[in-house]
Amino acid sequence: MSTGRPWIGGSRRWVIAGLAVGVATVMAAVIGTKAWTLADLPSIPGLPDAGALVTIGSPVLRAVTTLAGVVTVALLVLALSVDPARKGGALSGLGRRDASLAARAAGAWTVLALLQAMWVFADVLAMPLPEAWAPRMVAAFWWDVPQIRSLLLVALLAAVAAAVASVSTRVVGVGAAIALSAAAIVVPTISGHASGSSAHALLLASSTMHAWAATAWIAIVAALCLVAMRGRPELAPVVSRLARIAVVAAIVLAFSGIGNAAAQLNSWSELGSTTYGRIVLIKAAALVFAASAGYLAQRRLLRSQPSAGDARRRYAAVAGAEALALVAAFGAGSALATSAPPRTSV
């Protein structure tokens, strides 16, 4: 007799552990990438320095904030397209639970966006946090920083998405929360490299598509891992359906990444001759590994006939490797977004 619990034995602990490993992987990728890019910068006496807490903390918070958005989208995907809806578009009990979890994730996303704004403000002013957050500095410069305005908008959109998801009982409400989340995901690209590059039009378009594609791919993989671990619904049909979207997202991510590189580099030779270019190549290699792991996970699931529990565990293990490769590439990208690219003029 079913107990009604949606998790197979011990899976809740594995999900929490997986989330912790994912956050640690993102942080390690960001710190390693940022340290590598900073090592190549010349030391100029007399320039103001915000300190390592701000310089490293800003891209770390950017990555963790965006990761909270990805988790929000993953849970909304579960509520919208994985858990069966009832007649008339009403969410199932499991769908409502996923929407409620998504609301909590969006709430964390809101708080993290506001916290990131504190670090970005100090980073822009090149001041330690206590000095940057002196009332006179905030009053004089807070609203003049475009990145601050964009993060406040992210926090607002995430908060509205949390409110919508928390009261949603129908798929239309979950769809609205996904639309709000998609808007919040792309806002930071407008005030990042895309707004200041000499190749503005190309980079704005490619960065927008890159952000959406990366979010879709990681969110779908995370959602499939959750389905594999919690024991329902049947895994193979869900994988077959969502994997098609993940493939499209991966293709869009690849082409938009090429567009980003073209806009940020003076020539393709800089892929090998600059630290920025070498990190782009490492990020690309991680994405190729992730795509290969995803293909292997789907092939093993759809072509083998082990017991249901074995199939889910094997799929979760390989898909987990795909997810880790994706979040590592995601962390490297977050660090690159706060680093100066080789191309600085037309």
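Procedures and definitions
Residues numbered from 1 in each chain as written. Predicted model: local features only at pLDDT ≥ 70, side-chain atom pairs only at ≥ 80, totals over all residues. Heavy atoms only, no water. Helix = DSSP H or I, 4+ residues; strand = E, 2+ residues; numbered from the N terminus. Buried < 20%, exposed > 50% of the residue type's maximum accessible area, 1.4 Å probe, protein only. Areas by Shrake-Rupley, 256 points an atom, 1.4 Å probe, with all protein chains shown as cover. Contact = heavy atoms within 4.5 Å. Expected span 1.5 Å × (residues − 1). Axes fitted to C-alpha atoms, helices over the stretch in contact; angles between N-to-C directions. Parallel < 35°, antiparallel > 145°, perpendicular 65-115°, else oblique. Left-handed = near helix turned anticlockwise from the far one by under 90°. Nonpolar A, V, L, I, M, F, W, Y, C, P; charged D, E, K, R; others polar. Core = buried A, V, L, I, M, F, W, Y, C linked by side-chain atoms within 4.5 Å. Phe/Tyr/Trp six-rings, centres within 6.5 Å; stacked < 30°, edge-to-face > 60°. Patch = residues over 30% accessible without salt bridge, like charges linked within 9 Å, V, L, I, M, F, W, Y side chains within 5 Å. Salt bridge = Lys/Arg side-chain N within 4 Å of Asp/Glu carboxyl O. pLDDT = per-residue confidence, 0-100.

**Here's the deal with the overall build of the protein chain**
Stage number 1. Along the backbone of the protein chain there are 13 helices and zero strands.
Stage number 2. In the protein chain, which comprises 346 residues, the proportion classed as buried is 47%.
Stage number 3. When the accessible surface of the protein chain is split by element, carbon and sulfur atoms take 69% of a total near 16300 Å².

**Things to note about the side chain of Thr 110**
Stage number 1. Note on placement: Thr 110 falls in helix 3 (residues 93-125).
Stage number 2. When its relative accessible area of 13% is taken as the criterion, Thr 110 is described as buried.
Stage number 3. Leaving out residues up to four positions away in the same chain, Thr 110 has contacts with Ala 155, Ala 158 and Ala 159.

**Some thoughts on helix 6 (residues 146-167)**
Stage number 1. Compared with an ideal rise of 1.5 Å per residue, which puts 22 residues at 32 Å, helix 6 spans 32 Å between its outermost C-alpha atoms and is within 8% of the ideal.
Stage number 2. Where helix 6 is concerned, the buried positions are Ile 148, Ser 150, Leu 151, Val 154, Ala 155, Leu 157, Ala 158, Ala 161, Ala 162 and Ala 165.

**Re the environment of Ala 317**
Stage number 1. Structurally, Ala 317 can be placed in helix 13 (residues 308-337).
Stage number 2. Sequence-wise, Ala 317 and Cys 225 are 92 residues apart; in three dimensions their C-alpha atoms are separated by 8.5 Å.

**Observations regarding unusual backbone geometry**
Stage number 1. Within the chain, Ala 126 stands out as a residue other than glycine whose phi angle is a positive 55°.
Stage number 2. Taking relative accessible area as the criterion, Ala 126 reaches 21% and is therefore assigned partly exposed.

**Notes on helix 7 (residues 171-190)**
Stage number 1. In a regular helix each residue adds 1.5 Å, so 20 residues correspond to 28 Å; helix 7 covers 30 Å between its end C-alpha atoms and thus fits that length.
Stage number 2. Every buried residue of helix 7 is accounted for by Gly 173, Val 174, Ala 177, Ser 181, Ala 184, Ile 185, Val 186, Val 187, Pro 188 and Thr 189.

**Things to note about the packing of helix 6 against helix 7**
Stage number 1. Running from amino to carboxyl end, helix 6 crosses helix 7 at an angle of 165°, the nearest separation of the two axes being 9 Å. If you check the angle between helix 6 and helix 7, you find them roughly antiparallel. Crossing handedness for the pair helix 6 and helix 7: left-handed. Across the interface between the two elements, Ser 150, Leu 153, Val 154, Leu 157, Val 160, Ala 161, Val 164 and Ala 165 of helix 6 pack against Gly 173, Ala 176, Ala 177, Leu 180, Ser 181, Ala 183, Ala 184, Val 187 and Pro 188 of helix 7.
Stage number 2. Each residue belonging to the contact of helix 6 with helix 7 can be placed in one class, and the counts come to 14 nonpolar, three polar and no charged.

**Quick notes on the environment of Ala 263**
Stage number 1. By the element assignment, Ala 263 lies in helix 10 (residues 235-264).
Stage number 2. The spacing of Ala 263 and Ser 206 is 57 residues in sequence and 9.1 Å in space, taken between C-alpha atoms.

**Some details on the nonpolar core**
Stage number 1. By size, the foremost hydrophobic cluster in this structure holds 87 residues, and its most contacted members are Val 26, Trp 109, Ile 148, Trp 217, Leu 224, Tyr 315 and Leu 326.
Stage number 2. A total of 16 residues in this core trace back to one element, the largest contributor, which is helix 2 (residues 52-82).
Stage number 3. Contacts of Leu 326, omitting those with residues within four sequence positions, involve Trp 217, Ile 218, Val 221, Leu 287 and Ala 290.
Stage number 4. Counting seven residues, the second-largest nonpolar core is a separate cluster that includes Ala 261, Tyr 276, Ala 332 and Leu 336.

**Structural notes on the packing of helix 3 against helix 6**
When two helices pack together, their arrangement is given by the angle between the helix axes and the distance between those axes.
Stage number 1. Closest axis-to-axis distance for the helix 3/helix 6 pair is 8 Å, and the angle between their directions is 170°. With respect to their mutual orientation, helix 3 and helix 6 come out roughly antiparallel.
Stage number 2. Among the residues making up the contact of helix 3 with helix 6, the classes are represented as 19 nonpolar, five polar and no charged.

**A look at the packing of aromatic side chains**
Stage number 1. Tallying each qualifying case throughout the model produces three aromatic pairs.
Stage number 2. When the centroid spacing of 5.6 Å and the interplanar angle of 65° are considered together, the rings of Phe 121 and Trp 142 count as edge-to-face. Of this pair, Phe 121 sits in helix 3 while Trp 142 is found in the loop between helix 5 (135-141) and helix 6, placing the two residues 21 residues apart along the sequence. The pair formed by Phe 121 and Trp 142 is uniform in burial state, with each residue classed as buried.

**Remarks on a nonpolar patch on the surface**
Stage number 1. On the surface, Val 247, Ile 251, Phe 255, Ile 258 and Trp 268 cluster together into a nonpolar patch covering about 550 Å² of accessible area.
Stage number 2. Among the secondary structure elements, Trp 268 is positioned in the loop between helix 10 and helix 11 (270-273).

**A word on the confidence of the model for the protein chain**
Stage number 1. Looking at the protein chain as a whole, its pLDDT mean stands at 80, while 82% of the residues score no less than 70.
Stage number 2. The least confident element of the protein chain is helix 8 (residues 193-196), whose mean pLDDT is 48; the most confident is helix 6, at 94.
Stage number 3. Note on residues 1-10: pLDDT is under 50 here. Beyond four places in sequence and across chains, it has 16 contacts.
Stage number 4. Every residue in residues 193-198 is under pLDDT 50, and counting partners more than four places away or in other chains gives 20 contacts.

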